[in-house]
Amino acid sequence: MLARLKRAASLWPLAAFAITWPVFRVLRGLRPPRPRGPRFLVIQVAKIGDLVCTSGLFRELKRAVPDSHLTVEVLPSLVPVLAANPHVDEVRPLDDRRLRWPPARCVRWARLAAAGYDYLLLPTPNAVHVLDGWFGLVRRLASVVEVRGRCTTQTRSFEALRRVLDHEARYEEGTLTRAAYVRLLEVAGVRGGEPRLEHHLPAGARERARAWLARAGAGPRRVGISPGAGNRLKLWPADRFAAVASALAGDGATIVVVGAPGDRAEARTIVEAAGARGLDACGAFDLADLGGLLAELDLFVSVDTGPLYMASALGVPTVDVTGPIDPAEQPPLEAGCRVVHVDLDCRPCSHVLATARTCRTGHLRCLGDTTPAMVVAACREALGASVRPAAVN
């Protein structure tokens, strides 16, 4: 019974669309223009890395349409990521799980209509968000569309709703995702935008990070390591990160382990391997101030996860242990990035718009065959180490 109720809760907006679409088509056309700059709404409820990779869209919008008003809706926990972004006029939390039942969703549509948005931009195909724009009387709707239809959120419902889109930013798997995000602006006549990432820090973030590092006794050369990942398919074993930490600490670097409080067990392994040069920063900084710590590093080493993109956007060189990920789609290009991977017939199997959660072959050799020596070599190249390298265990 509960499953049927959930199913009904997911399908009723489509039924409402099928019944009322001629009426709302007329209503959207009747909205009178307002004497102000255009109002844009971007819905990006993906994780940290994808949100940072959308930053070029925000900048290019304000560059091309400086009098526009930009609202960005994100996951509630990620509001701090954009809190200091000067190109975003308003950041709002969006939790679709709280909007499953008709009254809550209808209230949302009424609020969107009252806000008077001219454009809705969707970096990720999503049928529910298309309907938000439709019933919220947004003038023009644009979405990224994956041309092969492999995107996990590009459902049959979304395919049925494509006819109401005013613009499709067509994206092909294996190409640069953030470039497709910027092409969403073509719905407003903006072309040729630069998809470069950026991340903005709140006031005092770097000063607070410097004070923490000084209290912890960090040396002048600092390497950050982040062992965690929201998708467990991306995880590289902590003992391998520990071997990297041991080698780089032997070169004279301070190792700063970055992560959430839940990463402390892995952090302990890495810090112990680094000895006196190891620092555990897991949970020491909230998401707003994390960028301040990353900006104080000389190098950041991680699997494909959000802080990697934050570091790159801040100009910190990175080493990306990609595992199953396709580095052509969302590479951290903004600073010197070294990608470490092994060539396998089954790789890449996980993509930005079609994320894998399990290894279809069962061997996960993309990570298992990635050795600490490979990662250490990339780190030393990035650092330009002038000291005699320590051995890699």
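Residues numbered from 1 in each chain as written. Predicted model: local features only at pLDDT ≥ 70, side-chain atom pairs only at ≥ 80, totals over all residues. Heavy atoms only, no water.

Let's shift gears to the sheet that holds strand β8 (residues 254-257). Taking strand neighbours across the sheet as the criterion, the 6 strands line up as β9-β8-β7-β10-β11-β12 in an open arrangement whose pairing is parallel. Whereas interior strands pair on both sides, the edge strands pair on one side only; in this sheet they are β9 (278-280) and β12 (337-340). Averaged over all pairs of adjacent strands, the angle between strand axes in this sheet comes to 20 degrees, irrespective of strand direction. The pairing of strand β10 (residues 299-303) with strand β11 (residues 318-321) spans 4 bridges and is parallel. Bridge pairing in β11 links S302 to D320. Where helix α10 (residues 238-250) meets the sheet, its contacts fall on β7 (222-226), β8 and β10, and the angle it forms with β7 comes to roughly 175 degrees. (Pairing = 2+ DSSP bridges. Helix = DSSP H or I, 4+ residues; strand = E, 2+ residues; numbered from the N terminus. Axes fitted to C-alpha atoms, helices over the stretch in contact; angles between N-to-C directions. Contact = heavy atoms within 4.5 Å.)

Turning to its location among the elements, H167 is positioned in strand β6 (residues 167-171). Relative accessible area serves as the criterion here: at 15%, H167 is assigned to the buried category. If sequence neighbours within four positions are ignored, H167 has contacts with L141, A142, S143, R183, L184, E186 and V187. (Buried < 20%, exposed > 50% of the residue type's maximum accessible area, 1.4 Å probe, protein only.)

We now examine the pairing of β10. Among the 5 residues of β10, 5 are classified as buried, and the element is accordingly described as predominantly covered. Alternating residues of β10 divide into L299, V301 and V303 and F300 and S302, and every residue in both groups is buried. With 4 bridges joining them, β7 and β10 adopt parallel strand pairing. Within β10, the residue paired with I225 across the bridge is V301. Read as a crossover between parallel neighbours, the route from β10 over helix α13 (residues 306-313) to β11 is right-handed. (Right-handed = clockwise from strand over helix to strand, strands pointing away.)

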